[in-house]
Amino acid sequence: MGTGVDDPDAEFRAFFENHYAELARLANLLTGESDAADDLAADALLALWHRWDRVRAADHPVAYARGVVANLARTRIRSAVRERRRIALFWSHRDERTENPDVSAVVDVQEALRRLPFRKRACVVLRHAFDLSEKDTALALGISVGTVKSQTSKAMSELERSLGAVDAPRRMHAAATAPSLTRPAEGRD
């Protein structure tokens, strides 16, 4: 970097002050998300701080920093695309309806599902409500078939305990095909 400063902390502080805004702008342009840009720039600078000895010895530390921001932005975009695919897959089968659903059972199943962690919930819904194969569920969630098997099994056990029923798969399907009675809580995983 050629600053002549022997104090790595002061050198990093100067690097941060000189390049944070530029890195945040880069993140914003790459992701199109102004809210996430500051977080991505901060995450990149944190990663640089952890490797500061190597970064400061590099020929072009700013180029290295830009590469870190680009990689973090790429990861964020890929994650958002996977999430949109999961949501589209989940809602693509919503046109199926059950005549005269057992409203209390549907509400019970929906509440029990909300109490499951996201991965378990996603596995059981895709497998039992949408009749996807283990392979298709794994592809939709970006996980292995073995993980789908274990998460589905654990989730079904939790649902059976919660609902007190051994026919949870049938109740799952009935709840998924019934008209939406309640909206899922936002941000709960």
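Coordinates for the structure precede this section.
Bear in mind the structure is a predicted one, so any value in this text is a computation, not a measurement. (Residues numbered from 1 in each chain as written. Predicted model: local features only at pLDDT ≥ 70, side-chain atom pairs only at ≥ 80, totals over all residues. Heavy atoms only, no water.)

Participant: Honestly, the packing of helix α7 (residues 134-141) against helix α8 (residues 145-163) in this entry has me stumped. Any pointers?
Facilitator: Relative placement of two packed helices is described by the angle separating their axes and the distance separating the axes. One can describe the packing of α7 onto α8 by two numbers: an axis separation of 8 Å at closest approach and a directional angle of 100°. Judged by the inter-axis angle, α7 sits roughly perpendicular to α8. Only V145, V148 and K149 of α8 make contact with α7, whose side of the interface consists of E134, K135, T137 and A138. Considering only residue class, the contact of α7 with α8 consists of three nonpolar, one polar and three charged. (Axes fitted to C-alpha atoms, helices over the stretch in contact; angles between N-to-C directions. Helix = DSSP H or I, 4+ residues; strand = E, 2+ residues; numbered from the N terminus. Parallel < 35°, antiparallel > 145°, perpendicular 65-115°, else oblique. Contact = heavy atoms within 4.5 Å. Nonpolar A, V, L, I, M, F, W, Y, C, P; charged D, E, K, R; others polar.)

Participant: In this structure, what is going on with the packing of helix α1 (residues 8-31) against helix α2 (residues 34-50)? I would like to understand it.
Facilitator: At a minimum axis distance of 8 Å, the contact between α1 and α2 shows a crossing angle of 145°. Note that α1 runs across α2; the crossing there is right-handed. Across from P8, D9, F12, F15, F16, Y20, L23, A24, A27, N28 and T31 in α1, the residues of α2 making contact are S34, A37, D38, L40, A41, A42, L45, L48 and W49. Of the residues belonging to the contact of α1 with α2, the class tally is 15 nonpolar, three polar and two charged. (Left-handed = near helix turned anticlockwise from the far one by under 90°.)

Participant: I'm lost on the pattern of salt bridges in this one. Help?
Facilitator: Pairs may arise between side chains of opposite charge once their charged atoms sit close together. One pass over the full model with this rule turns up six salt bridges. Measuring nitrogen to oxygen at the nearest pair gives 2.5 Å for the salt bridge that ties E158 to K120. With E158 in helix α8 and K120 in helix α6 (residues 118-129), this pair connects stretches of sequence that are 38 residues apart. Using a relative accessible area of 25% as the deciding quantity, one classes E158 as partly exposed. We note a salt bridge from E134 to R127, for which the minimum N-O separation is 4.0 Å. In this structure R127 comes out as partly exposed when scored by relative accessible area, which is 22%. (Salt bridge = Lys/Arg side-chain N within 4 Å of Asp/Glu carboxyl O. Buried < 20%, exposed > 50% of the residue type's maximum accessible area, 1.4 Å probe, protein only.)

Participant: Sorry, what's going on with the nonpolar core here?
Facilitator: Nonpolar side chains tend toward joint burial in soluble globular proteins. Residues L113, V124 and L159 are the most contacted members of the largest nonpolar core, which totals 21 residues. Elements that contribute at least two residues to this core include exactly α5 (103-115), α6, α7 and α8. With six residues, α6 is the largest single contributor of residues to this core. Core analysis: the next-biggest nonpolar cluster, separate from the first, contains 19 residues, L23, A27, L40 and V69 among them. (Core = buried A, V, L, I, M, F, W, Y, C linked by side-chain atoms within 4.5 Å.)

Participant: How should the side chain of T31 be read in this particular structure?
Facilitator: You can see T31 is positioned in helix α1. In terms of polar contacts, T31 uses its side chain to reach the backbone carbonyl oxygen of A27, at 2.9 Å. In this structure the side chain of T31 is engaged in a polar contact, spanning 3.1 Å, whose partner is the backbone nitrogen of E33. When near neighbours in sequence (up to four residues on either side) are disregarded, T31 contacts L40, A73, R76 and I77. (Polar contact = N/O pair within 3.5 Å; in protein donor to acceptor, adjacent residues only side chain to side chain.)

Participant: For this particular structure, what's the right way to read the packing of aromatic side chains?
Facilitator: In this description, a pair of aromatic rings is defined by centroid distance and the angle of the planes. Tallied over the full model, the rule gives four aromatic pairs. Centroid distance F12 to W49: 4.9 Å. Interplanar angle 55°. Geometry classified as tilted. Of the two residues, F12 is situated in helix α1 and W49 in helix α2; the sequence distance between them amounts to 37 residues. Judged by relative accessible area, which is 12%, F12 ranks as buried. Counting every residue linked through ring pairs, the aromatic cluster contains F12, F15, W49 and W52. (Phe/Tyr/Trp six-rings, centres within 6.5 Å; stacked < 30°, edge-to-face > 60°.)

Participant: I would appreciate a short explanation of a positive patch on the surface in the present structure.
Facilitator: On the surface, a cluster of positive charge is made up of R74, R78, R82 and R85. In this structure R82 comes out as partly exposed when scored by relative accessible area, which is 37%. (Patch = residues over 30% accessible without salt bridge, like charges linked within 9 Å, V, L, I, M, F, W, Y side chains within 5 Å. Areas by Shrake-Rupley, 256 points an atom, 1.4 Å probe, with all protein chains shown as cover. Lys, Arg positive; Asp, Glu negative; His and termini not counted. Charge placed at Lys NZ, Arg CZ, Asp CG, Glu CD.)

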